[in-house]
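Structural description and commentary
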Amino acid sequence: MAAPPDAARSASPPSWHEIILQGFKRNAIDLVPYVPDRVLTPLIQSLHDDPFFTTFATAREEEAVGILAGAWMGGRRGALLMQTSGFATLPNVLASLVVPCQIPLIMVVSERGTLGEFNYGQSLVCRTMRPVLDALAMEHHTMTRFDELEFIVDRSIKQAVATQAAVALILSPLLTGGKLFA
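Now for a look at the structure at hand. (Residues numbered from 1 in each chain as written. Predicted model: local features only at pLDDT ≥ 70, side-chain atom pairs only at ≥ 80, totals over all residues. Heavy atoms only, no water.)

Let's talk about the pairing of strand E1 (residues 29-34)
Basically, it comes down to this: Relative accessible area decides the class of each residue, using a 1.4 Å probe on protein chains only: under 20% of the type maximum gives buried, over 50% gives exposed, and in between gives partly exposed. Comment: elements are numbered from the N terminus, with helices defined as DSSP H or I runs of at least four residues and strands as E runs of at least two. Strand pairing requires that DSSP identify at least two bridges connecting the strands. Looking down the strands as they point away from you, a crossover is right-handed if its path from the first strand over the helix to the second goes clockwise.
The element E1 is largely enclosed, with a buried count of six among its six residues. Bridging between E1 and strand E3 (residues 77-83) involves three bridges; their strand directions are parallel. Each residue of the ladder has a partner; that of Leu31, found in E3, is Gly78. Of the pairings in the sheet, the one linking E1 to strand E2 (residues 54-57) comprises four bridges and is parallel in character. Directly across from Tyr34, in E2, lies its bridge partner Ala57. With respect to chirality, the unit in which E1 leads through helix H3 (residues 41-49) into the neighbouring parallel E2 is right-handed.

Structure representation (structure tokens):
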């Protein structure tokens with residue numbers, strides 16, 4: 001039975017974080033460690049609220065990578081949530097564990113360091129993150145548009161698992177609204 005016309009008009013489109021959450025579910029991503037981040041808060045809260053997911057904060061990004069590598073080896077799928085500056089701590093663990101052991105690490109990165117950023121450290125990491133990913137031959141996508149988000153998230157996860165290769169899904173402030181500065 002179709003929804004009444006008024007109900008169809010009043011239904012709002014899903015938010016960026018709802019699209020990512022559904023993409024995780026469709027691809028059996030149920031373990032989601034994260035390092036707290038203001039931009040990712042709506043996604044983190046939605047994951048905590050959904051009993052499908054095991055979601056928890058970690059002290060550092062490398063800790064989350066270790067947890068996810070072990071989970072993959074034990075037959076479980078997961079994703080890491082972090083902001084751009086956290087990526088700066090990862091090149092060693094990516095090059096020494098994730099890439100050579102073919103761990104399909106899914107990284108969701110809220111992009112800082114661009115579009116009005118005030119913190120030089122964030123800007124520097126933002127400018128170096130993609131070249132580091134390229135040097136490690138790691139797939140990465142910067143998502144800026146709602147109309148592409150579902151497709152990119154779904155296909156990136158499927159490719160990472162099928163090829164046993166990591167992927168970084170970078171969430172542009174154009175998509176999320178970014179961090180609000182005082």
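Side note on the sheet that holds strand E6 (residues 167-171)
Hydrogen bonds between backbone atoms are what pair the strands of a sheet, whose relative direction is either parallel or antiparallel. The line we're drawing: Only the stretch in contact is used when a helix axis is fitted, and all axes are lines through C-alpha atoms; the angle between N-to-C directions ranges over 0 to 180 degrees. Whether two residues touch is decided by their heavy atoms; if any such pair falls within 4.5 Å, the residues are in contact.
Within the open sheet, the six strands sit side by side as E2-E1-E3-E4-E6-E5. Their pairing is parallel. Among the strands making up the open sheet, the edge pair consists of E2 and strand E5 (139-143). The mean angle between the axes of side-by-side strands here comes to 20°, regardless of whether they run parallel or antiparallel. Packing against the sheet, helix H2 (residues 16-26) makes contact with E1, E3, strand E4 (106-110) and E6, and its axis sits at approximately 130° to E1.

Notes on the environment of Ile157
Considering the arrangement of structural elements, one finds Ile157 in helix H8 (residues 146-163). Exposure remark for Ile157: the relative accessible area of 0% places this residue in the buried category. With 53 residues separating them along the chain, Ile157 and Pro104 place their C-alpha atoms 8.3 Å apart. If we ignore the near neighbours within four places in the chain, the residues touching Ile157 are Gly23, Phe24, Asn27, Ile29 and Ile106.

Remarks on the nonpolar core
Rules: Each nonpolar core is a collection of buried residues, namely Ala, Val, Leu, Ile, Met, Phe, Trp, Tyr and Cys, held together in the definition by side-chain atoms within 4.5 Å.
With 28 residues, the main nonpolar core has Phe24 and Leu81 as its most contacted residues. Elements with a minimum of two residues in this core: H2, E1, H3, E3, E4, H8 and E6. Excluding residues within four positions of it along the chain, Phe24 makes contact with Ile29, Val32, Leu47, Phe53, Ala79, Leu81, Val108 and Ile157. By size, the runner-up hydrophobic cluster in this structure holds 24 residues, among which are Ala64, Met82, Met107 and Ala168.

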